[in-house]
Amino acid sequence: MQDLTDLYQSVILDHNRRPRNYKVLPTANRVGTGNNPLCGDEVTVYVELDGDRIKDLSFQGSGCAISQASASLMTLNLKGKTVDEAEAIYADIHKLVTTGKVDEDNFSDLAALAGVHQFPARIKCATLSWHAALNAAKGDAKPATTEAPGD
Ligand code: ZN
């Protein structure tokens, strides 16, 4: 049996230490939140949706290395995708973290999450931000939080 050090591969450690797109997105018109009480992970995902395309997205949150690294990877991998494409990527991610099987055509840095499948309690940590992003992208429009009201 592999130990936790295999799970915390360098990609995950790097993204946990220096999360990408960790900010409030001023242009966001959708916001999604998620929390995983079993582990204490919390995430807020900000999405700028342009038609059915995720033009830009960002996140903020706190929690374990898996949850934060997965959120960081999520922002890099969903930016520019349509909602349908994002759902397809999420389906692959879910398969990855539950089976450890990597579809080599689709994955690069995301394969770092494959080790999660050995630790079923951590699957939610890995999928939390993806759920939040998809819920945001498919949900009702919300006014951008930092935008001043129009005239
Ligand atoms: Zn966690």
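About the cut-offs
Residues numbered from 1 in each chain as written. Predicted model: local features only at pLDDT ≥ 70, side-chain atom pairs only at ≥ 80, totals over all residues. Heavy atoms only, no water. Helix = DSSP H or I, 4+ residues; strand = E, 2+ residues; numbered from the N terminus. Expected span 1.5 Å × (residues − 1). Buried < 20%, exposed > 50% of the residue type's maximum accessible area, 1.4 Å probe, protein only. Core = buried A, V, L, I, M, F, W, Y, C linked by side-chain atoms within 4.5 Å. Contact = heavy atoms within 4.5 Å. Polar contact = N/O pair within 3.5 Å; in protein donor to acceptor, adjacent residues only side chain to side chain. Axes fitted to C-alpha atoms, helices over the stretch in contact; angles between N-to-C directions. Parallel < 35°, antiparallel > 145°, perpendicular 65-115°, else oblique. Left-handed = near helix turned anticlockwise from the far one by under 90°. Nonpolar A, V, L, I, M, F, W, Y, C, P; charged D, E, K, R; others polar. Patch = residues over 30% accessible without salt bridge, like charges linked within 9 Å, V, L, I, M, F, W, Y side chains within 5 Å. Areas by Shrake-Rupley, 256 points an atom, 1.4 Å probe, with all protein chains shown as cover. Salt bridge = Lys/Arg side-chain N within 4 Å of Asp/Glu carboxyl O. Lys, Arg positive; Asp, Glu negative; His and termini not counted. Charge placed at Lys NZ, Arg CZ, Asp CG, Glu CD. Donors = N, O, S within 2.8 Å, 3.2 Å for Na, K, Ca; no water.

Asker: Would you take a moment to explain helix 3 (residues 65–78) for this structure?
Answerer: Residues lying three or four places apart along an α-helix face the same way, a consequence of the helix completing one turn every 3.6 residues. Under the 1.5 Å per step criterion, the end-to-end length of helix 3 is 20 Å for 14 residues, consistent within 8% with the ideal 20 Å. Burial of helix 3 is extensive: 13 of the 14 residues sit out of reach of the surface.

Asker: I'm lost on the nonpolar core in this one. Help?
Answerer: Soluble globular proteins tend to bury their nonpolar side chains together. One finds Val 45, Ile 54, Leu 78, Ile 93, Leu 113 and Trp 130 to be the most contacted residues of the largest nonpolar core, which totals 38 residues. Put simply, the parts of the chain that give this core at least two residues each are strand 2 (41–50), strand 3 (53–62), helix 3, helix 4 (83–99) and helix 5 (123–138). Filtering out sequence-adjacent residues up to four positions away, Val 45 remains in contact with Arg 30, Val 31, Gly 32, Leu 57, Ser 58, Phe 59, Met 74, Ser 129, Ala 132 and Ala 133.

Asker: In this structure, what is going on with the side chain of Ser 58? I would like to understand it.
Answerer: With respect to the secondary-structure elements, Ser 58 resides in strand 3. Residue classification places Ser 58 among the buried positions, given a relative accessible area of 0%. Reaching out from Ser 58, the side chain makes a polar contact with the backbone oxygen of Lys 23 at a distance of 2.8 Å. Not counting residues within four places of it along the chain, the set of residues in contact with Ser 58 comprises Asn 21, Lys 23, Val 24, Leu 25, Thr 44, Val 45, Tyr 46 and Thr 75.

Asker: I would appreciate a short explanation of the packing of helix 4 against helix 5 in the present structure.
Answerer: Helix packing for two helices is described by the angle between their axes and how far apart those axes are. At their nearest, the axes of helix 4 and helix 5 sit 10 Å apart, and the two run at 170° to each other. For the element pair helix 4 / helix 5, the angle class is roughly antiparallel. The two elements helix 4 and helix 5 cross, and the hand of that crossing is left-handed. In this structure, helix 4 contributes Val 83, Ala 86, Glu 87, Ile 89, Tyr 90, Ile 93, His 94, Val 97 and Thr 98 to the contact, and helix 5 contributes Ile 123, Ala 126, Thr 127, Trp 130, His 131, Leu 134, Ala 137 and Lys 138. For the contact of helix 4 with helix 5, the per-class residue count stands at 11 nonpolar, 4 polar and 2 charged.

Asker: Before we go on, may I ask you to explain a negative patch on the surface in this structure?
Answerer: A cluster of like negative charges, contributed by Asp 50, Asp 52, Asp 84 and Glu 85, occupies part of the molecular surface. Summarising the element assignment, Glu 85 is placed in helix 4. For Glu 85, a relative accessible area of 36% translates into the label partly exposed.

Asker: For this particular structure, what's the right way to read the coordination of the zinc ion?
Answerer: Between any two of four tetrahedral donors, the ideal angle at the metal is 109.5 degrees; between two of six octahedral donors, it is 90 or 180 degrees. Protein coordination at the zinc ion comes from Cys 39 (SG), Asp 41 (OD), Asp 41 (OD), Cys 64 (SG) and Cys 125 (SG), with a distance range of 2.1 to 2.7 Å. One chain supplies every donor for the zinc ion, spaced along it as C-x1-D-x22-C-x60-C. Taken together, the residues span a long stretch of sequence, with Cys 64 in the loop between strand 3 and helix 3 and Cys 125 in helix 5 at a distance of 61 residues. Overall, the relative accessible area of 0% leaves Cys 125 in the buried class.

Everything listed is a geometric property; what it means functionally is a separate question.
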